[in-house]
Amino acid sequence: MPEGHTLHRLARLHQRRFGRAPVAVSSPQGRFSDGAAAVNGHILKRASAWGKHLFHHYDGGRVVHIHLGLYGTFTEAPVPLPEPIGQVRMRMIGAEYGTDLRGPTVCELIAEPEIVDIVAKLGPDPLRADADPALAWKRITKSRRPIGALLMDQAVIAGVGNVYRSELLFRHRIDPHLPGTRLDQAEFDAMWTDLVELMKVGVRRGKIVVVRPEHDHGAPSYRTGRPRTYVYRRASEPCRVCGTPVRTMELEGRNLFWCPTCQA
């Protein structure tokens, strides 16, 4: 599932390519036909993101709300676009570029005020200037759930996925099984500051960068084209810092990765 930096990159890209101009919107697949018709030919005022949610704000107060989920993707290309291939939920065509959306969990038309209801269920987004980390800290300290689970809870921090979760805990030498009630505020503050910087790098570079240069000794990544990591998807491989085999287990339905020595 794309993590928060990906949605912020998409918001910036769509703002640059389609913003402040009329956009032709259609639904070749047919599952978003009414929503597409409602904004077709209207001006895209801006695109924004909160965590893993993307919003296209059109004139007249209409908003297209998108959550990519596990399988959703946008494919961008210069116009003219070829005939749609596969299940294209939404197609947007601007003056110079077009984009096709396939496989999202959510693609719906809402009114601008409804955004408030969506973000009310989310925690602060580290990539937003208005993020308040105190809200995340408050929710963490009230929970006995493992910090490894809390970091993945979008109601605690919006935008963190499995990669950032595993890597952030390693970088700060925190046991992912530590209950939220036992996390020290200084530890949280340091993690939040680090997370903000890591996700900003993700927005700028279009990929997750988490391994410090002094620890990047050329050990292979788990798959070509995927991020080089300390622990994520490196189960049984030696820790880049201490050499202990990286461990993995399922935590609340998602695979967790950690070093039992560095994160003792």
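Calculation rules
- Residues numbered from 1 in each chain as written.
- Predicted model: local features only at pLDDT ≥ 70, side-chain atom pairs only at ≥ 80, totals over all residues.
- Heavy atoms only, no water.
- UniProt positions renumbered as here; feature names shortened; annotations may be inferred.
- Helix = DSSP H or I, 4+ residues; strand = E, 2+ residues; numbered from the N terminus.
- Buried < 20%, exposed > 50% of the residue type's maximum accessible area, 1.4 Å probe, protein only.
- Contact = heavy atoms within 4.5 Å.
- Areas by Shrake-Rupley, 256 points an atom, 1.4 Å probe, with all protein chains shown as cover.
- Lys, Arg positive; Asp, Glu negative; His and termini not counted.
- Charge placed at Lys NZ, Arg CZ, Asp CG, Glu CD.
- Patch = residues over 30% accessible without salt bridge, like charges linked within 9 Å, V, L, I, M, F, W, Y side chains within 5 Å.
- Salt bridge = Lys/Arg side-chain N within 4 Å of Asp/Glu carboxyl O.
- Pairing = 2+ DSSP bridges.
- Axes fitted to C-alpha atoms, helices over the stretch in contact; angles between N-to-C directions.

As recorded in an unreviewed UniProt entry, the protein goes by the name Endonuclease 8 1, listed as coming from Mycolicibacterium wolinskyi. According to the UniProt record, the Cofactor (unreviewed entry) comment for the protein is "Zn(2+)".

Colleague: What exactly am I supposed to notice about the overall build of the protein here?
Modeller: Scanning the protein from N- to C-terminus turns up seven helices and ten strands. Taken over the C-alpha atoms alone, the protein extends approximately 55 × 40 × 30 Å along its principal axes. For the protein, the proportion of its 264 residues judged to be buried stands at 50%. Here the contacts in the protein between residues at least 6 apart in sequence split such that 59% fall between residues at least 24 apart. Looking at the protein as shown, the accessible area adds up to about 12500 Å², and 51% of this sits on carbon and sulfur atoms. Distance between charge centres in the protein, computed from 37 positive and 27 negative side chains, equals 3 Å.

Colleague: Sorry if this is basic, but what is going on with a nonpolar patch on the surface here?
Modeller: Taken together, the side chains of Met1, Leu70 and Tyr71 present a nonpolar region at the surface, about 370 Å² in accessible area. When you line up the elements, Leu70 lands in the loop between strand S4 (62-67) and strand S5 (73-78).

Colleague: What's the story with the sheet that holds strand S1 (residues 24-26) in this structure? I'm lost.
Modeller: Adjacent strands of a sheet form backbone hydrogen bonds with each other and so pair up, either parallel or antiparallel. Strands sit in the order S1-S6-S7-S5 across an open sheet of four strands; the sheet is antiparallel. The open sheet is flanked by S1 and S5, the only strands paired with a single partner. Sheet twist, expressed as the average angle between the axes of neighbouring strands with direction ignored, equals 15°. Direction of pairing for S1 relative to strand S6 (residues 88-93): antiparallel, over a ladder of three bridges. Within S6, the residue paired with Ala24 across the bridge is Ile93. Contacts from helix H1 (residues 4-18) reach S5, S6 and strand S7 (97-102) within the one sheet, and its direction differs from that of S5 by about 30°.

Colleague: Explain the environment of Ala190 to me, please; I cannot follow it from the model alone.
Modeller: The topology assignment puts Ala190 in helix H7 (residues 185-205). On the basis of relative accessibility, which here comes to 35%, the residue Ala190 falls in the partly exposed class. With 18 residues separating them in the primary sequence, Ala190 and His172 have C-alpha atoms 8.0 Å apart.

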